[in-house]
Amino acid sequence: MQQLQDKHLLKPFSYINGSWHSSESSFLVTNPATGEEVAKVSDAGVAETELAVKAAKDALKSWSSKSANERATLMRNWFNLMMEHQDDLGRILTVEQGKPLAEAKGEIAYGAAFIEWFAEEGKRVYGDTIPGPSGDKRIVVIKQPVGVVASITPWNFPNAMIARKAAAALAAGCTFVVRPATQTPLSALAMAELAERAGIPAGVFNVVVGMDARGIGKVLTQHPDIAKFTFTGSTPVGKLLIEQCATTVKKVSMELGGNAPFIVFDDADIDAAVQGAMASKYRNAGQTCVCTNRIFVQQGVLAEFTEKFSQAVAALQIGNGLDAGVSIGPMISSSAVADVDKLVTATIKAGATLVAGGSGHSQGENYYQPTILTNVTTDMPIASNEIFGPVSPIIAFSDESEVLAMANDTEYGLAAYFYTRDIGRVWRVAEGLEFGMVGINEGIISNAAAPFGGVKQSGNGREGSKYGLDDYMEIKYLCMGGLDK
Ligand code: SIN
């Protein structure tokens, strides 16, 4: 952290109502690449969370009464500051999360893009007029901010997952409280520092950092002053939070787990498919909800794809994300490594063949070697579990209907990918896949203009795009009567 150009971006406190709050106790944030201490962060709890909710409630009237243009100007300042400090923000992200610096800086630009995009889109919140059932009535529909929004965000995208939610909330006129993951709070706090410099008023954007996940989570899901709750994380935790939100009937949006199929048909451009699979699988060391989880390859190109994919995997450079040339960093923790290793071992025991990797790495206890398994079948444990690590199971298939059935045979429905050059198949498969997002001859699908979200147990609601604002707005119907003379 000595290398930060702007040292004031490193804030080890919660940010509530426009001020930095320290607490008596603290916890350590460590660098997953080295195990070294990055910062000692104040450990906020239930009391601070309640303060943040109150601040957001108090700020709501004035923020929601601003014009969309006024909000957009402040958000644009925030976007500009994030891009001006992209290097420092990227460095903070790499040391607390582990992803390579170039990828971390990419995440800053990705996160900032949501702020820019929603700042503009907030100006286009249109209502409606509807022909009434009788001549003396008019029906008008307006959209209004839902109110205070609370959120819990994950460690895998410490900047972008907050930006994607907060940008839509603020543009809609809502105020916002977030509890970021305790492994990666510094990126969230740096965002708060820049929000303040951008002129976002006190209470509009609050960050509560604390180890009491249960206590803080209860406030954020059950407080009567919170109108909407949004979460990105695992499906089991999401289900629990939905239950908690039911007590006050909050509006919820959930971006949960995935089990993405990546399908390579015989007629695909194999080099493009290999490139797409690499990007989709090994981004963030495989710790991404939309990461490829199962690679299905048609028999006719199985040997060619496996050979070229293995070569690409062998070229990955593993190490500390701050070092030049590193393309894949550590995983978030040694327990994450152990979980992945257990899954790989069980899959090999069930009959799969290990082609590459398959164990930890000499770099340290948080590293796992990029791994390829072949001869995988859909009844093996790896096919039904979200891997969340740098492991590629390859499953052979013979025809389109077989692979569609196998791809859809999961409780998840977040992202799917397929490669083909047959235009008829493009439509059949795109429409047949039961997933919220489909990459067609493309391995990277995320961007601010597109609706991100899943079906089935991968969640509900959409983030990003014009649809992303809807989750932060209520529709109000105005019935104007008595118009007859
Ligand atoms: C996620 O892993 O949940 C987010 C991935 C993305 O935004 O591309």
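Computed from a predicted structure; not experimentally measured.

Peer 1: I keep staring at the UniProt feature "active site" (unreviewed entry) in the chain and nothing clicks. Help me out?
Peer 2: Under the UniProt annotation, "active site" (unreviewed entry) lies at E255. Within the secondary structure layout, E255 lies in strand β11 (residues 251-255). Given a relative accessible area of 4%, E255 falls into the buried group. In contact with E255, other than residues within four places in its own chain, are M161, R164, F231, T232, G233, C289, L414, F452, S458 and E463.

Peer 1: Looking at this structure, I do not really get the pairing of β11. What am I missing?
Peer 2: Look at any regular strand and the pattern is simple: side chains alternate between the two faces of the sheet. Two elements, strand β10 (residues 226-232) and β11, share 5 bridges in a ladder whose sense is parallel. Residue pairing across strands places F231 opposite M254, the latter belonging to β11. Crossover handedness for the path β10 to helix α8 (residues 235-246) to β11: right-handed. The pairing of β11 with strand β23 (residues 459-460) spans 2 bridges and is classified as antiparallel. Residue E255 lies in a different strand from β23, and its bridge partner there is G459.

Peer 1: What am I meant to see in unusual backbone geometry here?
Peer 2: Negative phi characterises most residues that are not glycine, and trans characterises most peptide bonds. Positive phi outside glycine occurs at F388, with the angle close to 50°. Within the secondary structure, F388 sits in the loop between α12 (381-384) and β18 (391-397). Given the relative accessible area of 23%, F388 is considered partly exposed.

Peer 1: Looking at this model, I keep getting lost on the pairing of strand β17 (residues 371-374). Mind explaining?
Peer 2: Covered by surrounding structure in β17 are T371 and L373 together with I372 and T374, the residues of both alternating faces. The sheet contact formed by strand β14 (residues 353-356) and β17 spans 3 bridges and is antiparallel. Within the sheet, the bridge partner assigned to T353 lies in β17 and is T374. For β17 and β18, the ladder comprises 3 bridges, and the chain directions are parallel. Within the sheet, the bridge partner assigned to I372 lies in β18 and is S392.

Peer 1: Looking at this structure, how should I read the sheet that holds strand β6 (residues 138-145)?
Peer 2: What holds strands together in a sheet is hydrogen bonding between their backbones, with the strands either parallel or antiparallel. On the basis of which strands lie adjacent, the open sheet formed by 3 strands has the order β5-β6-β24 and antiparallel pairing. Strands at the two margins of the open sheet, each flanked by one partner only, are β5 (128-130) and β24 (473-480). Neighbour-to-neighbour, the strand axes of the sheet open up by a mean angle of 25°, direction not taken into account.

Peer 1: Before we go on, may I ask you to explain the nonpolar core in this structure?
Peer 2: The nonpolar side chains of a soluble globular protein tend to be buried, and buried together. In this structure, W78, F305 and F309 are the most contacted members of the largest nonpolar core, which totals 97 residues. At 11 residues, helix α5 (residues 160-172) tops the list of elements feeding residues into this core. Leave out the neighbours within four places in its chain, and W78 touches I115, L170, M191, L194, A195, A198, I200 and F205. Counting residues in hydrophobic clusters, the runner-up holds 32 residues, among them F265, V376, V403 and M406.

Peer 1: I would appreciate a short explanation of the packing of aromatic side chains in the present structure.
Peer 2: One pair of aromatic rings is described through two measures. These are the centre distance and the angle between the planes. Scanning the model with the defined rule gives 12 aromatic pairs in all. A centroid spacing of 5.5 Å and a plane angle of 85° characterise the contact between F265 and F397, whose relative ring orientation is edge-to-face. In this pair, F265 is assigned in the loop between β12 (260-264) and α9 (270-282) and F397 in strand β18, connecting sequence segments 132 residues apart. Overall, the relative accessible area of 0% leaves F265 in the buried class. Clustering of aromatic rings is evident, with ring pairs tying together W78, F176 and F205.

Peer 1: Help me out: how do you make sense of the packing of helix α13 (residues 400-408) against helix α14 (residues 423-432) in this one?
Peer 2: How two helices pack is summed up by the angle between their axes together with the distance between the axes. Taken N-terminus to C-terminus, the directions of α13 and α14 make an angle of 25°; their axes are 10 Å apart at the nearest point. The angle between α13 and α14 falls in the class roughly parallel. Helix-helix and strand crossings are classified by hand; for α13 and α14 the assignment is right-handed. Between α13 and α14, the contacting residues are E400, L404 and N408 on the first element and R425, R428, V429 and G432 on the second. Across the contact of α13 with α14, the residue classes break down as 2 nonpolar, 2 polar and 3 charged.

Peer 1: Can you help me understand the site of the ligand in this one?
Peer 2: In the vicinity of the ligand, 13 residues are found, and the nearest of them are Y110, E255, R283, C289 and S446. Taking N156, its side chain carries an N or O atom lying 3.2 Å from an oxygen atom of the ligand. Within the side chain of R283, one N or O atom sits 2.9 Å away from an oxygen atom of the ligand. When the ligand is considered free in solution it has 260 Å² of accessible area, and contact with the protein chains removes 100% of it. Partitioning the shell around the ligand into residue classes produces 6 nonpolar, 4 polar and 3 charged.

Peer 1: I'm lost on the UniProt feature "domain: Aldehyde dehydrogenase" (unreviewed entry) in the chain in this one. Help?
Peer 2: UniProt's feature table lists "domain: Aldehyde dehydrogenase" (unreviewed entry) at residues 21-477, given in the numbering used throughout. Overall, residues 21-477 shows 40% helix and 22% strand. The separation of its end C-alpha atoms is 41 Å.

Peer 1: For this particular structure, what's the right way to read the pattern of salt bridges?
Peer 2: Two side chains with opposite charge may pair up if their charged atoms get near one another. Summed over all chains, the structure comprises 20 salt bridges. A salt bridge links D58 to K54; the shortest N-O distance between them is 2.7 Å. Pair noted here: D58 and K54 are both in helix α1 (residues 46-65), with a separation of 4 residues, about one helical turn. In this structure K54 comes out as partly exposed when scored by relative accessible area, which is 49%. Of the charged contacts in the structure, one is a salt bridge between K165 and E463, with a shortest N-O distance of 2.7 Å. Remark: E463 occurs in the loop between β23 and β24 and K165 occurs in helix α5; sequence separation between them is 298 residues. Like K165, the residue E463 is buried in the burial classification.

Thresholds applied
- Residues numbered from 1 in each chain as written.
- Predicted model: local features only at pLDDT ≥ 70, side-chain atom pairs only at ≥ 80, totals over all residues.
- Heavy atoms only, no water.
- UniProt positions renumbered as here; feature names shortened; annotations may be inferred.
- Helix = DSSP H or I, 4+ residues; strand = E, 2+ residues; numbered from the N terminus.
- Buried < 20%, exposed > 50% of the residue type's maximum accessible area, 1.4 Å probe, protein only.
- Contact = heavy atoms within 4.5 Å.
- Pairing = 2+ DSSP bridges.
- Right-handed = clockwise from strand over helix to strand, strands pointing away.
- Axes fitted to C-alpha atoms, helices over the stretch in contact; angles between N-to-C directions.
- Core = buried A, V, L, I, M, F, W, Y, C linked by side-chain atoms within 4.5 Å.
- Phe/Tyr/Trp six-rings, centres within 6.5 Å; stacked < 30°, edge-to-face > 60°.
- Parallel < 35°, antiparallel > 145°, perpendicular 65-115°, else oblique.
- Left-handed = near helix turned anticlockwise from the far one by under 90°.
- Nonpolar A, V, L, I, M, F, W, Y, C, P; charged D, E, K, R; others polar.
- Near = heavy atom within 4 Å.
- Polar contact = N/O pair within 3.5 Å; in protein donor to acceptor, adjacent residues only side chain to side chain.
- Areas by Shrake-Rupley, 256 points an atom, 1.4 Å probe, with all protein chains shown as cover.
- Salt bridge = Lys/Arg side-chain N within 4 Å of Asp/Glu carboxyl O.

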